[in-house]
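Understanding the architecture of this molecule
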Amino acid sequence: MIRLLFFAHLGEQIGEREVMWPNVPETVKKLKDEVEERYGVSLGRVMTAVNEEYVRDEAPLHAGDTVAFIPPVSGG
């Protein structure tokens, strides 16, 4: 199991800011694909952090990881 955190508008779109994901995909990309399919959101331009470190889509995942999805934000 892994813990997913959704920041900014992603949490609003999904309806939850935190989700416990029962299976552990091999890579961040595979997890993104599963999340997109399940919730109908786009994670293409989203930054991903695993255990508080930014990672690329090829990064491996392990049971107990915390994965944060951080969309681009604009400010003023």
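The structure presented is a predicted model; accordingly, all values stated were derived computationally and were not measured.

Looking at the overall build of the chain
In terms of helices and strands, the chain carries two helices and five strands. Sequence-ordered secondary structure for the chain, helices as α and strands as β, is β-α-β-α-β-β-β. Its C-alpha radius of gyration of 12 Å places the chain within 12% of the 11 Å reference for a compact globule of 76 residues. Each principal axis of the C-alpha atoms in the chain carries an extent, and together these give about 40 × 25 × 20 Å. Across the 76 residues in the chain, those meeting the buried criterion constitute 38%. Considering only intrachain contacts with a sequence separation of at least 6, the fraction spanning at least 24 residues in the chain is 50%. When the 8 basic and 13 acidic side-chain charges of the chain are each reduced to a single mean position, those positions are 4 Å apart.

Structural notes on the sheet that holds strand E3 (residues 47–50)
Taken together, five strands build an open sheet; the order of strands is E2-E1-E5-E3-E4 and the sheet is mixed. Whereas interior strands pair on both sides, the edge strands pair on one side only; in this sheet they are strand E2 (18–21) and strand E4 (53–55). Pairs of neighbouring strands in the sheet enclose a mean axial angle of 30°, with direction left out of account. Sheet topology places strand E1 (residues 2–6) next to strand E5 (residues 66–70); four bridges connect them, and they run parallel. Paired with phenylalanine 6 across the bridge in E5 is phenylalanine 69.

Here's the deal with the environment of tyrosine 39
Residue placement: tyrosine 39 occurs in helix H2 (residues 28–39). C-alpha separation for the pair tyrosine 39 and leucine 10, spaced 29 residues apart in sequence, amounts to 10.0 Å. Every residue in contact with tyrosine 39, bar those within four places of it in the chain, is listed here: Ile14, Val19 and Trp21.

With respect to the side chain of threonine 48
Its location among the elements puts threonine 48 in strand E3. Contact partners of threonine 48, with chain neighbours within four places excluded, come to Val28, Lys32, Glu53, Tyr54, Val55, Val67, Ala68 and Phe69.

Procedures and definitions
Residues numbered from 1 in each chain as written. Predicted model: local features only at pLDDT ≥ 70, side-chain atom pairs only at ≥ 80, totals over all residues. Heavy atoms only, no water. Helix = DSSP H or I, 4+ residues; strand = E, 2+ residues; numbered from the N terminus. Rg over C-alpha atoms; globule rule 2.2 N^0.38 Å. Buried < 20%, exposed > 50% of the residue type's maximum accessible area, 1.4 Å probe, protein only. Contact = heavy atoms within 4.5 Å. Lys, Arg positive; Asp, Glu negative; His and termini not counted. Charge placed at Lys NZ, Arg CZ, Asp CG, Glu CD. Pairing = 2+ DSSP bridges. Axes fitted to C-alpha atoms, helices over the stretch in contact; angles between N-to-C directions.

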